[in-house]
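Now for the letters of each chain:
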Amino acid sequence: MTIRLNALRATTLALLAGVLGSASPAHAGGFYFQDRGTRPAGRGFAFVAGADDPQALHYNPAGLAYSGQQLLLDVSFTWFRGEYTRVDSGGNTLPTIDLSTIPLPIPGLAYSHPLNDELTLGVGLLVPNALLGDYPDGVTADGSPCNPDEDPTCQAAPQRYSLYSLAGTALVQLDMALAWRPHPRISIGAGLGVLLGNFHAEVGLSACDNAICAQRENPDFDARASMSLERFWDLAPHVGVILDFEKLRLGASLRFYPRGIQGTADLRVRLPADPFFEGASVEGDKARVNIELPVIFRVGAEVRPVPTLRLEAAFVWERWSRQQEISIRPTNVTLTDVTAIGDYAVGALSILRDMNDTISLRLGGELSVLDGRMDLRAGVSFESSGFDNRTLTAMTIDTRKVSLGFGGSIQVTPGFYLDATYAHVFLQNRTVTNSAVQQPNGIRPPISGADAVYIGNGRYEWSADMFAVGLRYQFDAGDEPAEPATESEAASEAAPTEPAAEPTTEPAAETPAPEAERGQPSWSRPSAPETSNGAANAPPAG
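Conventions and cut-offs
- Residues numbered from 1 in each chain as written.
- Predicted model: local features only at pLDDT ≥ 70, side-chain atom pairs only at ≥ 80, totals over all residues.
- Heavy atoms only, no water.
- Helix = DSSP H or I, 4+ residues; strand = E, 2+ residues; numbered from the N terminus.
- Contact = heavy atoms within 4.5 Å.
- Areas by Shrake-Rupley, 256 points an atom, 1.4 Å probe, with all protein chains shown as cover.
- Phe/Tyr/Trp six-rings, centres within 6.5 Å; stacked < 30°, edge-to-face > 60°.
- Lys NZ or Arg CZ within 6 Å of the ring centre and 35° of its normal.
- Salt bridge = Lys/Arg side-chain N within 4 Å of Asp/Glu carboxyl O.
- Buried < 20%, exposed > 50% of the residue type's maximum accessible area, 1.4 Å probe, protein only.
- Pairing = 2+ DSSP bridges.
- Core = buried A, V, L, I, M, F, W, Y, C linked by side-chain atoms within 4.5 Å.
- Polar contact = N/O pair within 3.5 Å; in protein donor to acceptor, adjacent residues only side chain to side chain.
- pLDDT = per-residue confidence, 0-100.

1. So, the overall build of the protein chain
Counting its secondary structure elements, the protein chain contains 4 helices and 28 strands. Nonlocal contacts in the protein chain, meaning residues at least 24 apart in sequence, comprise 74% of its contacts between residues at least 6 apart. Total accessible area on the protein chain is roughly 22400 Å²; 59% of this is exposed by carbon and sulfur atoms.

Following this line, the structure appears as structure tokens:
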């Protein structure tokens, strides 16, 4: 009965360890594939110092001070293409499978509103740019998908121990922030976001312990397990600052997730098909899960050598090294009907993740043409991977990335802008020969050495294209910015003067703004004459 007990323990422990250990959200990889937003994508996602529309809620809340009263709606689609050729534990090259994902709409809705000359409020609903894998249940000899329940010639899917599907997973972030501009040269922003979501994953598990079966990847000893973490949430405080020196802006922001992803997951398992498991069962289907999320720091510098040209360089650091392990505490999960043994309660587990911090270097800009009625953008970004070769699997779509983007805006009517961006993402192809990610198998003590099964070895080839469109409406586009008095003006107003003589003629009519400047927001309107205190960059009056 000891062998039988070990096999049943393997199935249940693998359910917890395999599903939760290999299927966890990640920003640099896993869930969040790229940063978000139509305008930022056109600038290579360099949008920290130059943030000046409601998208500042995501990049730097201090940028709301430059947004005015503005409504933003955008949506992006990512066409991800990938192939994986796995080398199994016996050194055999398995059929190549398609890792391509269905392009899902990634929407964003945000609004900024000046409360007075110094304060601007922003609110938004911004969906992270995620990729959700949905891989085959089985494959033919040439790698085409098939259903092993219907086709007896269908082979087990090579990636099954990494992932079957993330279908049903959804994430959204709600943000609210306030920007304060006490002086024309400084803006300070602070906000609070709430990350909400559901997480669902299905993965294959093994109950083979090298005693009851000799083939370590025998499909008859595979179980199929699913994990659902419904309605998890985390707070996301966000602070930022922008220093404005007219032709140079410096910006920085910091966001962190103090709680991480916590919740009670529902666990379900379909026991292996081998007759050895007849009559066995698992009672209980709950486990407490805790997953750390990163601190995200952004810094950028934007220069404006001429009024119509803006160039920004940005650096982003994400502290993913916080996620060294995933904590799992089963709640009354028990093996039952084990002959001569009785019931066996499953204890707490810790799953090694060993993630790396990621860095991103970004460079982009935009050029205003046709008297501000059109903007042209281009940018490039580099991002490192959160996983070494030894921790990479088909579950984790994460590698070094270089994104090259082009985009633009056109003013349809005064204050109404249409944005569009295309970006190609070059992903580093990787060949893994030193995988340290073991087959989900709960045998205790863990199988090691020559008997261990590692699931990440093989060849990964990836590429992606992103297309995004957006609409922006500037409610105060016809309003000229209220410009604070310069120091010399303030001094002259404070000095006593002789009473002015009564005018003898009618006051001259106010000269209207040039036609090319009316109806343009601050980012495309030609700069006002520079003053000693940067008055030309004052925010629009509410």
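2. Quick notes on the packing of aromatic side chains
Evaluation of the coordinates by the stated rule reveals 7 aromatic pairs. With centroids separated by 4.8 Å and ring planes inclined at 90°, the aromatic side chains of Tyr473 and Phe475 adopt a geometry described as edge-to-face. Each residue in the set Tyr84, Tyr460 and Trp462 is aromatic and connected to the rest through ring pairs, giving one cluster. Here the guanidinium or amino end of Arg224 rests over the ring plane of Tyr164, the centre of that ring lying 3.9 Å away. It is Arg249 that lies over the ring of Tyr66; its NZ or CZ is 3.7 Å from the centre.

3. Focus: the pattern of salt bridges
Inspection of every chain in the model, using the stated rule, returns 30 salt bridges. In this structure, Arg36 and Asp74 form a salt bridge, with 2.8 Å as the shortest nitrogen-oxygen distance. Of this pair, Arg36 sits in the loop between strand E1 (32-34) and helix H2 (38-42) while Asp74 is found in strand E2 (residues 70-86), placing the two residues 38 residues apart along the sequence. Here the two residues Arg36 and Asp74 agree in accessibility, since each one is buried. Taking the shortest distance from any N to any O, the salt bridge between Glu202 and Arg224 comes out at 2.9 Å. In this pair, Glu202 sits in strand E11 (residues 186-206) while Arg224 sits in strand E12 (residues 222-244), placing the two residues 22 residues apart along the sequence.

4. Digging into the sheet that holds strand E7 (residues 138-139)
Sheet architecture is open: 3 strands sit in the order E8-E7-E9, paired in antiparallel fashion. A single partner strand is all that each edge strand has here, and the edge strands are strand E8 (145-146) and strand E9 (155-156).

5. Quick notes on the pairing of strand E17 (residues 296-303)
Burial along E17 is one-sided: Ile296, Arg298, Gly300 and Glu302 are buried, and none of Phe297, Val299, Ala301 and Val303, which face the opposite way, are. Strand direction decides the pairing type here: strand E13 (residues 248-255) and E17, joined by 8 bridges, are antiparallel. Each bridged residue has a counterpart across the sheet, and for Arg249 the counterpart in E17 is Glu302. Pairing between E17 and strand E18 (residues 309-318): 8 bridges, direction antiparallel. The partner of Ala301 across the bridge, within E18, is Ala313. Linkage of E17 to E18, two consecutive antiparallel strands, is achieved through a turn of 5 residues.

6. Comments concerning unusual backbone geometry
The backbone of Phe45 sits at a positive phi, close to 60°, despite the residue not being glycine. With respect to the helices, strands and loops of the structure, Phe45 is situated in the loop between H2 and helix H3 (56-59). Positive phi, normally seen in glycine, also occurs at Glu246, with a value near 65°. Along the chain, Glu246 turns up in the loop between E12 and E13. Residue Glu246 is classed as buried on the basis of its relative accessible area of 14%.

7. Here's the deal with the pairing of strand E25 (residues 401-413)
Sheet analysis places strand E24 (residues 374-383) next to E25, joined by 10 bridges and oriented antiparallel. Bridging from a neighbouring strand, Ala378 pairs with Phe406 of E25. Taken together, the 12 bridges between E25 and strand E26 (residues 416-427) define a ladder with antiparallel strand orientation. Looking at the pairing, Ile410 lines up with Leu418 of E26. Linking two consecutive strands that pair antiparallel, namely E25 and E26, is a turn of 2 residues; a positive phi of about 90° is found at Gly415 within it.

8. Things to note about the nonpolar core
Counting residues in each nonpolar core, the largest one holds 45 residues, and the members touching the most others are Phe33, Phe80 and Leu99. Of all the elements, E12 adds the most residues to this core, at 4 residues. Every residue in contact with Phe80, bar those within four places of it in the chain, is listed here: Phe33, Leu99, Ser100, Thr101, Leu131, Ile397, Leu427, Trp462, Ser463 and Ala464. Among the nonpolar cores identified, the runner-up in size contains 19 residues, and Leu64, Tyr66, Ala423 and Ala468 belong to it.

9. Focus on the environment of Thr120
You can see Thr120 is positioned in strand E5 (residues 119-126). The class of Thr120 is buried, set by a relative accessible area of 5%. Counting along the chain gives 51 residues from Thr120 to Gln69, while the straight-line C-alpha distance between them is 8.5 Å.

10. Looking at the side chain of His58
Assignment of secondary structure puts His58 in helix H3. Side-chain polar atoms of His58 contact the side chain of Asp35, separated by 2.6 Å. Once residues lying within four places of it in the same chain are set aside, the contact partners of His58 are Asp35, Arg36, Leu126, His238, Arg255 and Arg298.

11. A closer look at the environment of Ala190
The topology assignment puts Ala190 in strand E11. Residues Ala190 and Asn60, spaced 130 residues apart in sequence, show a C-alpha to C-alpha distance of 8.8 Å. Contact partners of Ala190, with chain neighbours within four places excluded, come to Pro61, Ala177, Leu178, His238 and Val239.

12. Observations regarding the confidence of the model for the protein chain
Looking at the protein chain, the pLDDT average stands at 81 and 77% of residues meet or exceed 70. This stretch, residues 480-491, has a pLDDT under 50; its non-local contacts, to residues over four places away or in other chains, come to 23 contacts. Residue range residues 507-542 is modelled with pLDDT below 50. Its contacts to residues more than four positions away, or to other chains, number 89 contacts.

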